[in-house]
Amino acid sequence: MEVYFHSVTLDESKCKGCTNCIKKCPTEAIRVREGKARIIEQRCIDCGECIRTCPNHAKVAVTDSLEGLNRFRYRVALPAPSFYGQFKPEVSLGRILGALLELGFDTVYEVAWGAEAVSVAVQEFLARESGKRPLISSACPAVIRLMQVRFPTLLDHVIPVDSPMEAAAKMAKRAKVQELGLAEEEIGAFFITPCPAKVTAVKQPFGDNRTYVDGAISMSTVYGEVLKALPEAQDRYDLVQSTGLGIGWGYSGGENRAIYQGQKSRFSFLAVDGIHSVISLLEQMERGDDLKGIDYVEAQACIGGCIGGPLVPQNRFVSRVQLARIADTIGRPEEGIKREEFLGLWKEGLLDLKGEIRPRPVMSLDPDIRKAIAKLEQLEKTVEDLPGLDCGSCGSPNCRALAEDIVRGNALETDCVFKLRERVKELAEEMVELAQKLPPAMGK
Ligand code: SF4
Ligand code: SF4
C-alpha cells in the first residue's frame, strides 16, 4: 500500500467538529467523525483550502524550519516569485535578497530565474511536439495531485517540463558545484514556499521524479525573519538574475505572458486560477468539450496564483500590485529571457519532468469492475433514499458522499439526522404499539 506524505494536517486539540471544512475540500477528503475532522489521506491534494476555511485554525501546514539549514555546508535560498510581492514598495528587491543572507543562507538563487528557463523549455516543447493539446503546466503541484485523484485520464496532458522550483534547484546546484568545487550533497537548496502543496511535492515528488530541493520553509515564517533582518541587510542587487517575466510567474497569467514572449501569436494560452475553476475546466476537458485551438493551460490552485497561496502573509490584491510593480521596474526588459542559455539546458534534459505521473484511483468503489458496478447501483439507490439537503450534519460533505461512505462500509444510514429521526419515530410507534398489547392470559 502506498504511503502518503501530507503537509496539511489536523491539530485535533483545536478542532471543534464544526464541519466548515468538509464542504470546501475539492476532493471530498474530509469527514467529521466523533466530533473531530478526519482527513482521508489518499484523497488529500494539500491544496490548503481547509486551512483557509477553518475558523478554529485546526488545519495546519507542516513545513521545514530554518534550523534545517545546519545540515548542509552551503545553503541556497530559493525564493518563490510571490515572495517579492509581500513587502512594502520602499523595500528594494536587493535588500530583500540581502536580508535572506542574514538568516543563514550563503546565497540566493531566484525561482523566477528558474521560471524563465522553464518558459523557454515550454516554448520549445510546444513548437517541436505536435501531439496532445492542450498541454497543462506542471508548475502547481496541487493541480497535478488533483488530476491524479480526480482526472487520471488527463494526466498525459501534463507537459514534461519541470516546475520553476525544481529548475532553479537543479541550476543552482550545478552552478555551485562548478564554482565552489563542493559535492552536490553538501549543498542544501531551500524553497520559500507559498503553499503546503510545494512542501508535499518536495517530500514526495510525482512519479519517479527525484527532487533537488532539500526543504520547503513557509513563506510566512521567512517573511517574519526577513522583516527583522532588513535594518541590517545590505542591498544585494547583484544576486538578482531574473527579469520581470520570471517574476510575473507569481500571479495568474504571468506564466503565459513569459512563455508567450517571443512567440507572437503562434500558440494560444489559457490561464485558470482557483481550485474550483480548475476543476470546472478539467471536467470540460474530460467530457471532450471543445477546447480546440488552446495549446497550453496555466492552471493554479490558488485564486490569483501563488500570491494567493495559503502560506503567504500579505493580502493577494496588495501583493499583486507590488509584484507587478517590481516586474515592470526591475529593468533589463531589453535583454529579455536568456533564450540560448536555457535552450541548451532543455536540450541536455536538465529541465525535463522525468518519470510517469501515476493516477491515484481513490474514487473507484472497488478494484473489481463487476463489484464496482454493483456498488454504484447500491450507491444510486442510497442517494435516492437520502433527503438531498446536503446539510453536512452527518459529517460527510453532501448526501452523495454519505451514500458513498455507507456503500464503502464507513458510515450508517442513521448518520443522517433526518434518517435517524425517521428511525426514532418508527421505534417510538412500535413501542407505543407494544405498550398497548396485553399478554394472552390477560386479554386478547
Ligand atoms: S488540503 Fe485540500 S484536499 Fe486536503 S483536506 Fe484540505 S481542502 Fe481537502
Ligand atoms: S497556485 Fe501556487 S501557491 Fe497555490 S497551490 Fe499552486 S503552486 Fe502552491
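Further up the page is the structure itself.
Residues numbered from 1 in each chain as written. Chains lettered and ligands numbered in written order. Predicted model: local features only at pLDDT ≥ 70, side-chain atom pairs only at ≥ 80, totals over all residues. Heavy atoms only, no water.

Draft legend 1. Just the pairing of strand β10 (residues 269–273), in detail. Here β10 runs beside strand β11 (residues 296–300); their pairing, made up of 5 bridges, is parallel. Each bridged residue has a counterpart across the sheet, and for Leu 270 the counterpart in β11 is Val 297. As for the winding sense of the linkage, the β-α-β connection from β10 through helix α11 (residues 275–287) to β11 is right-handed. (Pairing = 2+ DSSP bridges. Helix = DSSP H or I, 4+ residues; strand = E, 2+ residues; numbered from the N terminus. Right-handed = clockwise from strand over helix to strand, strands pointing away.)

Draft legend 2. Structural context of the site of ligand 2. As a matter of local geometry, ligand 2 sits amid Cys 140, Pro 141, Ala 142, Pro 194, Cys 195, Lys 198, Gln 300, Ala 301, Cys 302, Cys 306 and Gly 309. The cavity that encloses ligand 2 is the largest cavity. Each residue belonging to the shell around ligand 2 can be placed in one class, and the counts come to 8 nonpolar, 2 polar and 1 charged. (Near = heavy atom within 4 Å. 1 Å grid on protein atoms, 1.4 Å probe; cavity = no way out; pocket = protein on both sides within 12 Å on 5 of 7 lines; lining within 4 Å. Sits in = over half its atoms within 2 Å of the grid points. Nonpolar A, V, L, I, M, F, W, Y, C, P; charged D, E, K, R; others polar.)

Draft legend 3. Seen up close, the site of ligand 1. Around ligand 1 sit 13 residues in total, of which Cys 25, Cys 44, Cys 47, Gly 48 and Cys 50 are the nearest. Taken together, the residues of the shell around ligand 1 break down into 9 nonpolar, 2 polar and 2 charged.

Draft legend 4. View of the nonpolar core. Of all hydrophobic cores here, the largest spans 83 residues; its most connected members are Leu 78, Phe 83, Leu 93, Leu 100, Met 171, Val 226 and Ile 247. Considering every element that reaches this core, the biggest residue donor is helix α4 (residues 111–128), with 11 residues. Apart from the residues lying within four places of it in its own chain, the contact partners of Phe 83 are Ile 96, Leu 100, Ile 192, Met 219, Val 222, Tyr 223 and Val 226. Residues Cys 140, Ala 142, Val 272 and Ile 357 belong to the second largest nonpolar core, which totals 33 residues. (Core = buried A, V, L, I, M, F, W, Y, C linked by side-chain atoms within 4.5 Å. Buried < 20%, exposed > 50% of the residue type's maximum accessible area, 1.4 Å probe, protein only. Contact = heavy atoms within 4.5 Å.)

Draft legend 5. Highlighting the environment of Lys 170. With respect to the secondary-structure elements, Lys 170 resides in helix α6 (residues 164–180). We classify Lys 170 as buried; its relative accessible area is 7%. As for Lys 170 and Val 362, which are separated by 192 residues in sequence, their C-alpha atoms are 33 Å apart. Those residues in contact with Lys 170 that sit more than four places away from it in its chain are Asp 162, Tyr 212, Leu 350 and Asp 352. A polar atom in the side chain of Lys 170 sits 2.5 Å from the side chain of Asp 162. (Polar contact = N/O pair within 3.5 Å; in protein donor to acceptor, adjacent residues only side chain to side chain.)

Draft legend 6. Highlighting the sheet that holds strand β7 (residues 135–136). The 3 strands lie next to each other as β7-β11-β10, forming an open sheet whose pairing is parallel. The strands lining the two open edges of the sheet, one partner per strand, are β7 and β10. Bridge analysis of β7 against β11 gives 2 bridges, and the strand direction is parallel. Following the sheet pairing, Ile 136 is matched in β11 by Val 297.

Draft legend 7. Broad picture of the sheet that holds strand β8 (residues 187–193). Judged by pairing direction, the sheet is parallel, and its 4 strands sit side by side in the order β6-β5-β8-β9 without closing on themselves. Strand pairing shows two members of the sheet lacking a second neighbour, β6 (107–108) and β9 (215–218), which therefore form its edges. In this structure, β8 lies alongside β9, joined through 4 bridges in parallel fashion. Counterpart to Ile 192 in the pairing with β9 is Ile 217.

Draft legend 8. Focus on the packing of aromatic side chains. The full count for this structure, using the stated rule, is 7 aromatic pairs. With 6.0 Å between their ring centres and 80° between their planes, Phe 269 and Tyr 296 make a pair best called edge-to-face. Here Tyr 296 lies in strand β11 and Phe 269 lies in strand β10, a separation of 27 residues in the sequence. On the basis of relative accessibility, which here comes to 1%, the residue Tyr 296 falls in the buried class. (Phe/Tyr/Trp six-rings, centres within 6.5 Å; stacked < 30°, edge-to-face > 60°.)

Draft legend 9. Structural view of the pattern of salt bridges. For the structure on display, the rule yields 27 salt bridges. Taking the shortest distance from any N to any O, the salt bridge between Glu 179 and Lys 176 comes out at 3.2 Å. Highlighted residues: Glu 179 and Lys 176, both in helix α6, separated by 3 residues, approximately one helical turn. Overall, the relative accessible area of 10% leaves Lys 176 in the buried class. In the salt-bridge network here, residues are joined through shared partners; they are Arg 31, Arg 33 and Asp 405. (Salt bridge = Lys/Arg side-chain N within 4 Å of Asp/Glu carboxyl O.)

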